[in-house]
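The residues making up each chain are set out below.
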Amino acid sequence: MGPELQEHVAFHLTGKRMGASLQAADGLHLRPGLLARFGDLTQLRYDFPLVLVAGRADETGIQSLAALVNGILQVIAPRGIEGEATRRHVLRLEREIRTLAANGDTGPLSRLWDLAAERIGAPADPALAGSLRRARTALQVDGEVVDCTHALPARLITHAWRALQLRKAERFGQELERLMVKLSDILQADFVRSGAGTSAARLKSSVGTGMEEAFDFQALSSTLAQVSGKNLLPDSRRQRVQQALSVLKARQSRAQAGAGWPDDLESCAFANCRDALAAFRNRLPGIIDLVRAMAIAELEIEGRYVEATHDPFFADFDENSVGARDLSLFPDYLVCIGSEHLHGPEHAILMEILGSEMPIKFVVQVSDVLEEPPLRAHLGLVAPAAQLGRLAMGLGNAYVLQSSSSHLYQARRGILAGLAFAGPALFSVFSGSPHGARTLPPYLLAAAAMQSRAFPAFTYDPAAGNDWATRFALDGNPQPEADWPVHEFGYEDEAHQSVSEPVAFTFVDFVACDPRYARHFAVVPRAEWNGSMVPVGGSLTGDASAVGGKVPYLQLVNGDHVLQRALVDEKLLAAAHRSREMWHSLQELGGVRSSQSERLLARERKVWEEQKQREIEALKREAKPVTPAAPALPPAATPAAPAAKPAAAEAEPEKLSDDPYIETLRCTTCNECTNLNNRMFAYDANKQAVIADINAGTYRELVEAAESCQVSIIHPGKPRNPNEPGIADLLKRAEPFL
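Throughout, a residue's number is its position along its own chain's written sequence, starting from 1. Only residues with pLDDT of 70 or above have their local features reported here, since the model is predicted, and side-chain atom pairs are shown and tallied only from 80 upward, although totals for entire chains, interfaces and linings are computed over all residues. Water and hydrogen atoms play no part in the side-chain values, which are based on all heavy atoms of the structure.

**Quick look at the pairing of strand 18 (residues 551–557)**
When a strand is regular, its side chains alternate between the sheet's two faces.
Here's step 1: In this scheme, a residue with accessible area under 20% of its type's maximum is buried, one over 50% is exposed, and one in between is partly exposed, where area comes from a 1.4 Å probe on protein chains only. Here a helix means four or more residues in a row that DSSP labels H or I, a strand means two or more in a row labelled E, and each is numbered from the N terminus. In terms of residue burial, strand 18 counts as a mostly covered element, since seven of its seven residues are buried.
Here's step 2: Residues Val551, Tyr553, Gln555 and Val557 line one face of strand 18 and the alternating positions Pro552, Leu554 and Leu556 line the opposite face, and both faces are buried.
Here's step 3: In this sheet, strand 18 lies alongside strand 2 (residues 31–32) in antiparallel orientation, the contact comprising two bridges. If you follow Pro32 over to strand 18, its bridge partner there is Leu556.
Here's step 4: Pairs of strands are assigned from DSSP output, requiring at least two bridges between the strands. Two elements, strand 17 (residues 533–535) and strand 18, share three bridges in a ladder whose sense is parallel.

**Focus on the pattern of salt bridges**
Pairing between side chains of opposite charge can happen when their charged atoms approach one another.
Here's step 1: Criterion for a salt bridge: a side-chain nitrogen of Lys or Arg within 4 Å of a carboxyl oxygen of Asp or Glu. What the rule picks out here adds up to 33 salt bridges.
Here's step 2: Ionic pairing is found between Arg119 and Glu96, a salt bridge with its closest N-O pair at 2.6 Å. Linking Arg119 in helix 4 (residues 109–119) with Glu96 in helix 3 (residues 84–102), this pair joins segments that are 23 residues apart in sequence.
Here's step 3: Glu352 is paired through a salt bridge with Arg281; the nearest N and O atoms lie 3.0 Å apart. Highlighted residues: Glu352 in helix 13 (residues 345–354) and Arg281 in helix 10 (residues 273–302), separated in sequence by 71 residues.
Here's step 4: A residue is classified by how much of its surface remains accessible, and Glu352, at 39% relative accessible area, is partly exposed.
Here's step 5: Judged by its relative accessible area of 47%, Arg281 falls in the partly exposed class.
Here's step 6: Connected via shared salt-bridge partners are Arg237, Arg240, Glu300 and Glu307.

**With respect to the sheet that holds strand 4 (residues 62–64)**
Here's step 1: In spatial order, the strands read 4-3-6-5; together these four strands make up an open sheet with antiparallel pairing. Every interior strand has two partners, whereas the edge strands, strand 4 and strand 5 (107–108), have only one.
Here's step 2: Here strand 5 pairs with strand 6 (residues 143–146) via two bridges, running antiparallel. Looking at strand 6, one finds that Pro108 is bridged to Glu144.
Here's step 3: Relative to the sheet, helix 2 (residues 65–76) contacts strand 3 (50–53) and strand 4, its axis offset from that of strand 4 by approximately 70°. For this analysis, residues touch if any pair of their heavy atoms sits within 4.5 Å. Every axis in this analysis is a line fitted to C-alpha atoms, fitted for helices over the stretch in contact. Angles between the N-to-C directions lie between 0 and 180 degrees.

Structure (structure tokens):
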């Protein structure tokens, strides 16, 4: 083992740089290679910014600026060359609005539209002004423009919550009005059958002043008196109906006076769990009285109230009699809180509420999912706040949605479902750490957390069904069937050739986005890149034999967009393995994979293979070999000397020294060369290495493959490109393998 490799291995095992060759990653402004092309997000068309449309309690209340612009262009810009100028003008305006939002400008879309139009020169350009005027006419909505910032989760979910509460208040008011009208009809019908209801004075007042002389009201009252007083309501029922009606009217009066829902929505929003629980308990007696009155009213209207049955029930009507469906009639409480405040009593209250039927919704903004463990024995870097969604899901009766802020637009349907859920709900949203990761915009950092499985998205809806298959979903995660999502990474090599290769985005990539954890990386000089290094994605495959003895590295780019390789220490790699196992458990819940099925399949495959082997051996035993008789030689003949056997009859044909080749028959399938370049090197049908495409790699990779081959069967030959960088050094390194 050379000194350079010793330094690499030492850093991987200890996390300490020993020697002068490895460089510290601190202060280099490194980011994962897959994020290199995402520099200025304002030049990209993606989900953000969003437009929060007021007064809409469905998905149209949360719209993407890009989607709105697409809809406008479909109306005003016909396909073809005649609509091209209009499309360019409107897309230019959209880009300027996105820039304004990214720079912190907020307000209604109409305001930002006018400001952006002025900034791009619409007043001085008649053609541009005309296109924007037609687009403005086609714009059918307005609302607050919000970008993907640290404040987005609370703003977006509060917006949706408010719209749903207003719609709920409208429906509740209509239900109260219906019940009051029906109860009033019962009392009115009873009154008109009573003596007071058939008196001459009452009858006279009911016909109006114009017809007072047309009737003899005294005679009419005497006639009606013969049937009045029959089938009157019992006093107990009349009092019950009157009392229920009184409670309903009092509630309506408070709402009309502005002292009740929906005017007091602000009193339903809180910044901590303690105050929300106290407010709910203070209002619970009034809720109980109103639910009792509404239940009695419904029974009386339908004529199903039985005193012997219902009087004892309503006499003991208390908080235990009110269920989630009853509570769902009233305004839901909303708590927006940062995960850093969920300690001690706050966390206990949160768990208490999530385990109950209280209609309280929680928006927990997770600003940091990484935490350095105090003990080295603790293998994870994932903070407890990142596990809150799993804990809540284990309670079984709370709606749970976990997502990153970058995915909130795509998750809007799940957000609305959670807010409408009859019971508690938790929205755990990672918004990016404003302190620990200052090198990336919040959108990119939040997306990286979700891509890397550090903060995967999932929903748990107890109302969706009775089993996990219907309740739990991993929708929204990239490539949910894989351990890590794999994307094409393109770059220019030293020979100025375009190179593209598949690269996994792992938990290690996410940690590399946070400069607080730069000590887990060490940058390797370009001259020390060699075959003893393996991409971190390959080291996290779970197949230890494929990467045995290799040191994992991560491809990073610096501020000058120069590709770097950084070694990863064992502690971070162990945390990545643990993150992968946690992702596996979510995959099992989501039905993406099943360890039980995989184990059963492996067992059945083993049984099948053993049975086939026994059948083959039985066939071999039953076969009878036939030995042909040797022909007799003529008496006088002398047996001819056997022909000389060619010396290389059983050897492979001699290779030309200038061409690279592999002694395939000696290959041990160690994966060294295929891990280095799986397009240049591949396996044949016998799982032994061959050179698949000599043009798919460089001479350096041939030499590195030869150096890393455990049985020295790879021969690089002579370089096809004599101008390849570092060719003199490569030829010297290749000499032992020629």
